Amino acid sequence: SQQGEEDPQALSIQEGENATMNCSYKTSINNLQWYRQNSGRGLVHLILIRSNEREKHSGRLRVTLDTSKKSSSLLITASRAADTASYFCAPGSGGSNYKLTFGKGTLLTVNP
Amino acid sequence: NAGVMQNPRHLVRRRGQEARLRCSPMKGHSHVYWYRQLPEEGLKFMVYLQKENIIDESGMPKERFSAEFPKEGPSILRIQQVVRGDSAAYFCASSGAGRDQPQHFGDGTRLSIL
């Protein structure tokens, strides 16, 4: 598998605002996953989008995938202070898409 | 329904000692993965195991590191003769069988080498 690159590196918003994070990757994928990590904790799986899907929703999360641009975005609507965390994308490709590789992530801070 | 359990949460070892990290997967999961997170870096894949089998150990250092997932009991990541550079957070994840199964992570073991 390959490493995704998250952008921006850090994002600070007020509670109630929307947060958008982006992920770019280099080669074709089977799927792409988004994870969240709170400080000192393990990663929490948020959502998986397959290469033949363009958009997926889960609660306040919306993920889009544009395979032509090799990019994905994660939108968190109506953010809460509890959404403060680092967010990572993990593109899955080839026969070893279990081999997740994580970049430095986007550090999201939601201010009350 | 318990998640992935790792213990200990923190482990301190002196150089040259052995470190043993344990991981109990989620109930019903037969696939286990180990990752290492060095300070200021993202998680890096180390090894993928199924019960009694190592499927992919391409991310494991060639020496001093080994992993197992026995038929009974937790998965073990073993580091022999630890060095300062082994200081990191080690995360275990598990998944079910089948395509596109998400990996569920434990809270990690923070290993510190004195």
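Located above this text is the structure these notes cover.
Read on for an overview of the structure. Fair warning: this is a prediction, and the values are worked out from it, not measured in the lab.

All right, on to the overall build of chain A then. Broken down by element type, chain A carries zero helices and 10 strands. Secondary structure elements of chain A, listed N to C terminal, follow the sequence β-β-β-β-β-β-β-β-β-β. Taking 112 residues into account, the globule formula puts the C-alpha radius of gyration at 13 Å, and chain A, at 13 Å, falls close to it. Burial status across chain A gives 48% buried among its 112 residues. Taking the intrachain contacts of chain A between residues at least 6 apart in sequence as the baseline, contacts between residues at least 24 apart amount to 58%. Approximately 5,100 Å² of chain A is accessible, and the part contributed by carbon and sulfur atoms is 44%. Computed over 13 positive and 9 negative side-chain charges, the inter-centroid distance for chain A is 7 Å.

Let's shift gears to the interface of chain A and chain B. Contact with chain A, which involves 21 residues of that partner, is made by 21 residues of chain B. For the pair chain A and chain B, the summed buried surface comes to about 1,700 Å²; carbon and sulfur atoms form 48% of the total. Counting every contact that joins chain A to chain B gives two salt bridges. Its salt-bridge partner being Asp 56 of chain B, residue Lys 99 of chain A comes within 3.3 Å of it at the nearest N-O pair. Inspection of the chain A/chain B interface yields 14 residue pairs in polar contact (both at pLDDT 80 or more). Only β4 (31-37) and β5 (43-50) of chain A provide two or more residues apiece to the side of chain A that touches chain B. Classifying every residue of the side of chain A that touches chain B by side-chain character gives six nonpolar, 11 polar and four charged.

Turning our attention to the sheet that holds strand β7 (residues 61-66) of chain A. All names here are of chain A. With antiparallel pairing, five strands are arranged side by side in an open sheet as β1-β3-β8-β7-β6. Edge positions in the sheet fall to β1 (5-7) and β6 (55-58), since each has one partner strand and no second. Ignoring strand direction, the axes of neighbouring strands in this sheet form an average angle of 20 degrees. Where β1 lies against strand β3 (residues 19-24), three bridges are found, and the strand directions are antiparallel. Its bridge partner lying in β3, Asp 7 is registered against Asn 22.

Definitions and cut-offs
- Residues numbered from 1 in each chain as written.
- Chains lettered and ligands numbered in written order.
- Predicted model: local features only at pLDDT ≥ 70, side-chain atom pairs only at ≥ 80, totals over all residues.
- Heavy atoms only, no water.
- Helix = DSSP H or I, 4+ residues; strand = E, 2+ residues; numbered from the N terminus.
- Rg over C-alpha atoms; globule rule 2.2 N^0.38 Å.
- Buried < 20%, exposed > 50% of the residue type's maximum accessible area, 1.4 Å probe, protein only.
- Contact = heavy atoms within 4.5 Å.
- Areas by Shrake-Rupley, 256 points an atom, 1.4 Å probe, with all protein chains shown as cover.
- Lys, Arg positive; Asp, Glu negative; His and termini not counted.
- Charge placed at Lys NZ, Arg CZ, Asp CG, Glu CD.
- Buried area = accessible area lost by both parts, 1.4 Å probe.
- Salt bridge = Lys/Arg side-chain N within 4 Å of Asp/Glu carboxyl O.
- Polar contact = N/O pair within 3.5 Å; in protein donor to acceptor, adjacent residues only side chain to side chain.
- Nonpolar A, V, L, I, M, F, W, Y, C, P; charged D, E, K, R; others polar.
- Pairing = 2+ DSSP bridges.
- Axes fitted to C-alpha atoms, helices over the stretch in contact; angles between N-to-C directions.

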